[in-house]
Amino acid sequence: MTALEIRDLHVNVEDTPILRGVNLSIQPGEIHALMGPNGTGKSTLASVIMGHPDYTITQGDILLDGESILEMEADERSRKGLFLCFQYPVAIPGVSIANFLRMAINARRRALNAEDKGISIPDFRRMLRAKMDLLQMNHDFAGRYLNEGFSGGEKKRAEILQMAVFNPRIAVLDETDSGLDIDALRIVSDGINTLMNQDMGVLLITHYQRMLNYVKPHFVHIMLEGRIVESGGPELAEHLEQFGYEKIREKVATRA
Ligand code: ADP
Ligand code: MG
């Protein structure tokens with residue numbers, strides 16, 4: 001069974017078609033890079049996968065382990081194993097990263113069983129320390145207030161830690177517009193590469209080839225005007241780097 005399957009997905013924003021028939025399947029252990037010029041619908045796809053209410057699905061389906069997720073709320077999708085970076089980009093004054101993660105874990109447990117008493121503090125500490133060690137993070141980081149005065153790199157570190165704790169089946173990372181500096185880029189790439197060992201599937205959305213020097217995708221997809229027009233291996237990203245999106249556009253035009 002496919003972990004994440006996107007079938008002939010058509011999506012509108014206020015009656016304007018944005019996605020026009022997207023097909024994509026991702027299995028655990030696979031890294032898929034989705035590339036494309038600005039305004040082609042990459043972030044729209046990420047938002048729709050997570051259930052953002054601004055978007056109307058007019059056709060197609062999204063399945064997680066064979067089950068349609070279209071009727072699920074965002075938190076249910078997250079419990080079922082989807083993870084989207086930038087889930088909590090806001091600063092939460094007075095809430096440490098550790099407390100935030102513990103509350104998130106407990107909310108998930110309570111969603112499954114209303115009687116759940118939550119994870120014990122010692123169990124939580126042990127788990128968090130193990131995840132931080134896995135990611136080679138300084139334990140002090142968990143005591144910082146979430147996103148308060150964080151650098152770009154620290155925000156990414158908090159996200160990757162969150163990802164390690166939630167242990168998703170499929171992570172969707174939209175890095176297109178975030179203008180990551182080299183430090184943040186390394187943190188994200190090292191984090192993804194480490195967490196791949198937890199048998200996670202990744203959809204990495206990126207405008208630039210640069211990130212793919214650090215995270216080696218198994219598959220590369222190119223999106224133009226709301227459709228995936230070309231799929232291939234890592235060589236496709238190199239081709240893109242060399243020839244640009246124009247060449248792909250020309251190739252697609254001759255196909256029609
Ligand atoms: P990309 O991530 O590839 O740059 P987006 O998915 O952000 O592209 O945007 C695709 C198109 O959809 C753009 O024309 C954008 O203006 C439009 N769009 C996306 N989200 C919204 C929204 N919430 N409201 C109005 N238009 C939107
Ligand atoms: Mg985008």
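All values derive from a computational prediction rather than experimental measurement. (Residues numbered from 1 in each chain as written. Chains lettered and ligands numbered in written order. Predicted model: local features only at pLDDT ≥ 70, side-chain atom pairs only at ≥ 80, totals over all residues. Heavy atoms only, no water.)

### Topic: the overall build of the chain
For step 1, the next point in the chain: From N to C terminus, the chain includes seven helices and 10 strands.
For step 2, the next point in the chain: Here the C-alpha atoms of the chain give a radius of gyration of 19 Å, agreeing with the 18 Å that 2.2 N^0.38 yields for 256 residues.
For step 3, the next point in the chain: Overall size of the chain, expressed as C-alpha extent along the three principal axes, is 60 × 40 × 35 Å.
For step 4, the next point in the chain: Here the chain, with 256 residues, has 49% of them falling under the buried criterion. (Helix = DSSP H or I, 4+ residues; strand = E, 2+ residues; numbered from the N terminus. Rg over C-alpha atoms; globule rule 2.2 N^0.38 Å. Buried < 20%, exposed > 50% of the residue type's maximum accessible area, 1.4 Å probe, protein only.)

### Let's talk about the sheet that holds strand E4 (residues 56–64)
Note on sheets: strands pair through backbone hydrogen bonds, and any given pair is parallel or antiparallel.
For step 1, the next point in the chain: An order of E2-E1-E4-E5 is seen for the four strands of this open sheet, with the pairing classed as antiparallel. Two strands lie at the open edges of the sheet, namely strand E2 (16–26) and strand E5 (67–68), each paired on one side alone.
For step 2, the next point in the chain: Bridge analysis of E4 against E5 gives two bridges, and the strand direction is antiparallel. Bridge assignment links Leu 64 to a residue of E5, and that residue is Glu 67.
For step 3, the next point in the chain: Relative to the sheet, helix H1 (residues 42–50) contacts strand E1 (4–13), E2 and E4, its axis offset from that of E1 by approximately 110 degrees. (Pairing = 2+ DSSP bridges. Contact = heavy atoms within 4.5 Å. Axes fitted to C-alpha atoms, helices over the stretch in contact; angles between N-to-C directions.)

### What to know about the sheet that holds strand E8 (residues 201–205)
For step 1, the next point in the chain: A sheet is described by the order of its strands in space; here six strands give the open sequence E6-E7-E8-E3-E9-E10, paired in mixed fashion. The two strands at the open ends of the sheet, each matched to only one other strand, are strand E6 (82–84) and strand E10 (227–232). Going from strand to strand, the sheet's axes swing by 20 degrees on average, the running direction of each strand aside.
For step 2, the next point in the chain: One ladder, built from five bridges, connects strand E7 (residues 170–174) with E8; its direction is parallel. Among the inter-strand pairings, Ala 171 is bridged to a residue of E8, identified as Val 202.

### Details of the domain arrangement of the chain
For step 1, the next point in the chain: Taken domain by domain, the chain comprises domain 1 (4–91 + 169–255) and domain 2 (92–146).
For step 2, the next point in the chain: Here the C-alpha centroids of domain 1 and domain 2 sit 28 Å apart.
For step 3, the next point in the chain: Listed as interface residues are nine residues of domain 1 and, on the opposing side, 10 residues of domain 2.
For step 4, the next point in the chain: Between domain 1 and domain 2, a total of about 800 Å² is buried, with carbon and sulfur atoms accounting for 65% of that surface.
For step 5, the next point in the chain: Along the contact surface separating domain 1 from domain 2 lie one residue pair in polar contact (both at pLDDT 80 or more).
For step 6, the next point in the chain: Those elements that place two or more of their residues in the side of domain 1 that touches domain 2 are helix H2 (74–79) and helix H6 (182–195). (Domains from an automatic or database assignment. Buried area = accessible area lost by both parts, 1.4 Å probe. Polar contact = N/O pair within 3.5 Å; in protein donor to acceptor, adjacent residues only side chain to side chain.)

### Here's the deal with the packing of aromatic side chains
For step 1, the next point in the chain: On inspection of all chains with the given rule, the structure shows two aromatic pairs.
For step 2, the next point in the chain: Both rings, one in Phe 83 and one in Phe 166, keep their centres 6.3 Å apart while their planes meet at 75 degrees; by these two values the pair is edge-to-face. Taken together, the positions of Phe 83 in strand E6 and Phe 166 in helix H5 (residues 152–166) put the pair 83 residues apart, joining distant regions of the chain. Each member of the pair, Phe 83 together with Phe 166, is buried.
For step 3, the next point in the chain: The residue whose ring lies beneath Arg 108 is Phe 166, and the NZ or CZ to ring-centre distance is 4.0 Å.
For step 4, the next point in the chain: The ring centre of Phe 141 lies 6.0 Å from the NZ or CZ of Arg 157, which sits over that ring. (Phe/Tyr/Trp six-rings, centres within 6.5 Å; stacked < 30°, edge-to-face > 60°. Lys NZ or Arg CZ within 6 Å of the ring centre and 35° of its normal.)

### Regarding the pattern of salt bridges
For step 1, the next point in the chain: One pass over the full model with this rule turns up 13 salt bridges.
For step 2, the next point in the chain: Here Arg 7 makes a salt bridge to Glu 5, at a shortest N to O gap of 3.0 Å.
For step 3, the next point in the chain: A relative accessible area of 42% places Arg 7 in the partly exposed class.
For step 4, the next point in the chain: One salt bridge connects Asp 65 with Arg 169, and the closest N-O pair in it is separated by 2.4 Å. Within this pair, whereas Asp 65 is found in the loop between E4 and E5, its partner Arg 169 is found in the loop between H5 and E7, the two being separated by 104 residues in sequence.
For step 5, the next point in the chain: Through salt bridges with shared partners, a single ionic network connects Glu 225, Glu 246 and Arg 249. (Salt bridge = Lys/Arg side-chain N within 4 Å of Asp/Glu carboxyl O.)

### Here's the deal with the site of ligand 1
For step 1, the next point in the chain: Taken together, the neighbourhood of ligand 1 is formed by Val 13, Ile 18, Pro 37, Asn 38, Gly 39, Thr 40, Gly 41, Lys 42, Ser 43, Thr 44, Asp 54 and Tyr 55.
For step 2, the next point in the chain: Note that an oxygen atom of ligand 1 is positioned 3.2 Å from one of the backbone N or O atoms of Thr 40.
For step 3, the next point in the chain: With respect to ligand 1, the side chain of Lys 42 contributes an N or O atom lying 2.8 Å from an oxygen atom.
For step 4, the next point in the chain: Protein burial of ligand 1: of its 560 Å² of free accessible surface, 63% is covered by the chains. (Near = heavy atom within 4 Å. Areas by Shrake-Rupley, 256 points an atom, 1.4 Å probe, with all protein chains shown as cover.)

### Digging into the packing of helix H3 (residues 97–112) against H5
For step 1, the next point in the chain: It is the contact of H3 with H5, at a shortest axis distance of 11 Å, that shows an interaxial angle of 35 degrees. For the pair H3 and H5, the crossing hand works out as right-handed. Here Ile 97, Phe 100, Leu 101, Ala 104, Ile 105 and Arg 108 of H3 come into contact with H5, specifically with Ala 158, Leu 161, Gln 162, Val 165 and Phe 166.
For step 2, the next point in the chain: For the contact of H3 with H5, the per-class residue count stands at nine nonpolar, one polar and one charged. (Left-handed = near helix turned anticlockwise from the far one by under 90°. Nonpolar A, V, L, I, M, F, W, Y, C, P; charged D, E, K, R; others polar.)

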